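Each chain is listed here by its residues.
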Amino acid sequence: MDNRTKGILSLIASTASFACMGAMVKMTGGNIPLMEQVFFRNLVMVFIAAIWVKKHDALFFGHKGNRHLLLLRSTFGFLGVITTFYATNNLYLGDAQSLLKLSPFAVTIMAVIFLKEKITRIRVIALISAFVGALIIINPQFNSRLFPSLIAVAAAFCAGTAYVFVSYISRKPNKEAGFTIIFFFSAFSCIMSLPFMLYVFVKPTLLQLVQLLFIGIFAAMGQYFVTKAYSLTDASAISIFDYVGVIIATVLGRLVFGESLKTTSYIGMIIIIGSGLISYLDVKNMKRRDELS
């Protein structure tokens, strides 16, 4: 099995792990407060990331000159987790995952603004198409679905901004190891969510405690496999397979929660995935042209 195939399988394992994390969030969402879910998600990650940092002899809190950037990345990441969990708790799993897949387009927008990266006309069209797909899923009406749908879009943009900071930190001469970034973010999120969790703490049953721990375990698995995937081969060669998570989430929503999506949701989903495919092919073509020139 070549590295590209291994990378594809690792990315599918990652997106499946994150979809399962979403299912666990939804299972506990009716009884466990949001910030308690967020705390447990990051508590598990702190311990796992600490093992990774120690094993690879990396810095726990990064270089002094990078800590303000790590704080910004962690702030947007923390807001991203909160909004992701809120959207997952209040939308169908398939709808939530589809809207959350707008994050790559948010990365593009933020990279143009903050990293001064160039954007092609084709990717502009893909961005507009993805936005149209999101509008179709949201189906703007003044009902109970509108607010969590907008929160899901906000989650995608928070995640996208966080990824841009990760990219920026990784390009610096004194760049940080990925394990350091994960540990810093998880520790920051635990500290920030702890007061809110204690204020509205609900003692979980044994089953709920196991489900809360699995939120963190699936998050760690997703992070591990996505890191492995992009270390095996070029991101442009495999990134499109991240959209498999939308299909997995839709199936889980149907089997576990008995969710039945509207036709408009499927149309919006197809448009977003199609926009991702257009963007993916554009990146691949750009890379091919750069190699030939």
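This text follows the structure it describes.
As the structure is a prediction and not an experimental result, all values here were calculated from the model.

What counts, and where the lines are drawn
Residues numbered from 1 in each chain as written. Predicted model: local features only at pLDDT ≥ 70, side-chain atom pairs only at ≥ 80, totals over all residues. Heavy atoms only, no water. Helix = DSSP H or I, 4+ residues; strand = E, 2+ residues; numbered from the N terminus. Rg over C-alpha atoms; globule rule 2.2 N^0.38 Å. Buried < 20%, exposed > 50% of the residue type's maximum accessible area, 1.4 Å probe, protein only. Contact = heavy atoms within 4.5 Å. Areas by Shrake-Rupley, 256 points an atom, 1.4 Å probe, with all protein chains shown as cover. Lys, Arg positive; Asp, Glu negative; His and termini not counted. Charge placed at Lys NZ, Arg CZ, Asp CG, Glu CD. Patch = residues over 30% accessible without salt bridge, like charges linked within 9 Å, V, L, I, M, F, W, Y side chains within 5 Å. Salt bridge = Lys/Arg side-chain N within 4 Å of Asp/Glu carboxyl O. Axes fitted to C-alpha atoms, helices over the stretch in contact; angles between N-to-C directions. Parallel < 35°, antiparallel > 145°, perpendicular 65-115°, else oblique. Left-handed = near helix turned anticlockwise from the far one by under 90°. Nonpolar A, V, L, I, M, F, W, Y, C, P; charged D, E, K, R; others polar. Phe/Tyr/Trp six-rings, centres within 6.5 Å; stacked < 30°, edge-to-face > 60°. Expected span 1.5 Å × (residues − 1). Arc of directions from axis to C-beta. Core = buried A, V, L, I, M, F, W, Y, C linked by side-chain atoms within 4.5 Å.

J.: Any chance you could explain the overall build of the protein chain here in plain terms?
T.: When you go through the protein chain residue by residue, the secondary structure sums to 12 helices and 0 strands. N-terminal to C-terminal, the α/β element order of the protein chain is α-α-α-α-α-α-α-α-α-α-α-α. Relative to the globule expectation of 19 Å for 293 residues, the C-alpha radius of gyration of the protein chain, 19 Å, shows essentially globular dimensions. Reported as C-alpha extents along the three principal axes, the dimensions of the protein chain are approximately 60 × 50 × 40 Å. When the 293 residues of the protein chain are sorted by exposure, 48% land in the buried category. Here the contacts in the protein chain between residues at least 6 apart in sequence split such that 88% fall between residues at least 24 apart. Per element, the accessible surface of the protein chain, about 14,600 Å² overall, is 70% carbon and sulfur. Both charge centroids of the protein chain, one from 26 positive and one from 12 negative side chains, sit 3 Å from each other.

J.: Would you mind showing me how to read a nonpolar patch on the surface here?
T.: A contiguous nonpolar patch, built from Leu206, Leu209, Val210, Leu213, Phe214, Ile217 and Met221 and spanning about 540 Å² of accessible area, is present on the exposed surface. Here Met221 shows up in helix H9 (residues 206-232). Taking relative accessible area as the criterion, Met221 reaches 33% and is therefore assigned partly exposed.

J.: I tried to follow the pattern of salt bridges on my own but got confused; where do I start?
T.: Between side chains of opposite charge, a pair can form when the charged atoms approach closely. Evaluated as defined, the whole model comprises 1 salt bridge. The residue Lys26 makes a salt bridge to Glu259 at a minimum N-O spacing of 3.8 Å. With Lys26 in helix H1 (residues 3-28) and Glu259 in the loop between helix H11 (244-257) and helix H12 (263-292), this residue pair connects regions lying 233 residues apart in the sequence. Like Glu259, Lys26 is buried.

J.: Explain the packing of helix H4 (residues 93-100) against H11 here, please?
T.: Axes are the key here: two packed helices are described by the angle between their axes and the distance separating the axes. Relative to each other, H4 and H11 sit at 160°, their axes nearing to 7 Å. One way to sum up the angle between H4 and H11 is to call them roughly antiparallel. As H4 packs across H11, the resulting crossing turns out to be right-handed. Counting all contacts with H4, which are made through Leu93, Gly94, Gln97 and Ser98, the residues of H11 involved are Val246, Ala249, Thr250, Leu252, Gly253 and Phe257. Class assignment for the residues of the contact of H4 with H11 results in 5 nonpolar, 5 polar and no charged.

J.: I tried to follow the packing of aromatic side chains on my own but got confused; where do I start?
T.: Pairs of aromatic rings are described using the distance from one ring centre to the other and the angle between the two planes. Scanning all chains against the criterion turns up 11 aromatic pairs. On the numbers, 5.9 Å between centres and 90° between planes, the contact of Phe39 with Phe40 is edge-to-face. Accessibility expressed as a relative area gives 12% for Phe39, which makes it buried. Under the relative-accessibility criterion, Phe40 is labelled buried at 10%.

J.: What is the right way to read the packing of helix H2 (residues 34-55) against helix H8 (residues 178-199) from this model?
T.: The geometry of H2 relative to H8 is characterised by a closest axis approach of 8 Å and an angle of 150° between their N-to-C directions. Comparing the axis directions of H2 and H8 gives the class roughly antiparallel. Read as a crossing pair, H2 and H8 show a hand that is left-handed.

J.: I would appreciate a short explanation of the side chain of Arg41 in the present structure.
T.: Within the element layout of this structure, Arg41 appears in helix H2. By relative accessible area, Arg41 is classed as buried at 8%. Look past the residues within four positions of Arg41 in its chain and what remains in contact with it is Met21, Val81, Phe85, Phe185, Ile215, Gly216 and Ala219.

J.: Would you mind going over H11 with me for this structure?
T.: For the α-helix, the turn length of 3.6 residues means that residues three or four positions removed from each other point alike. For H11, built from 14 residues, the straight-helix expectation of 20 Å at 1.5 Å per residue is met to within 8% by its first-to-last C-alpha distance of 19 Å. Turning to H11, its buried residues are Gly245, Val246, Ala249, Thr250, Leu252 and Gly253. Axial view of H11: buried residues confined to an arc of 165°, hence all on one face. Exposed positions of H11 whose direction lies more than 90 degrees from the buried face are Ile247, Arg254 and Leu255.

J.: What is the right way to look at the nonpolar core in this model?
T.: Looking at soluble globular proteins, one finds that nonpolar side chains tend to be buried together. Met21, Val38, Phe78, Phe85, Phe183 and Ile215 are the most contacted members of the largest nonpolar core, which has 31 residues in total. Looking at this core, the elements that each hand over two or more residues are H1, H2, helix H3 (67-90), H8 and H9. Top contributing element to this core by residue count: H2, with 10 residues. Counting 18 residues, the second largest nonpolar core, distinct from the first, contains Ala126, Leu127, Ile137 and Leu146.

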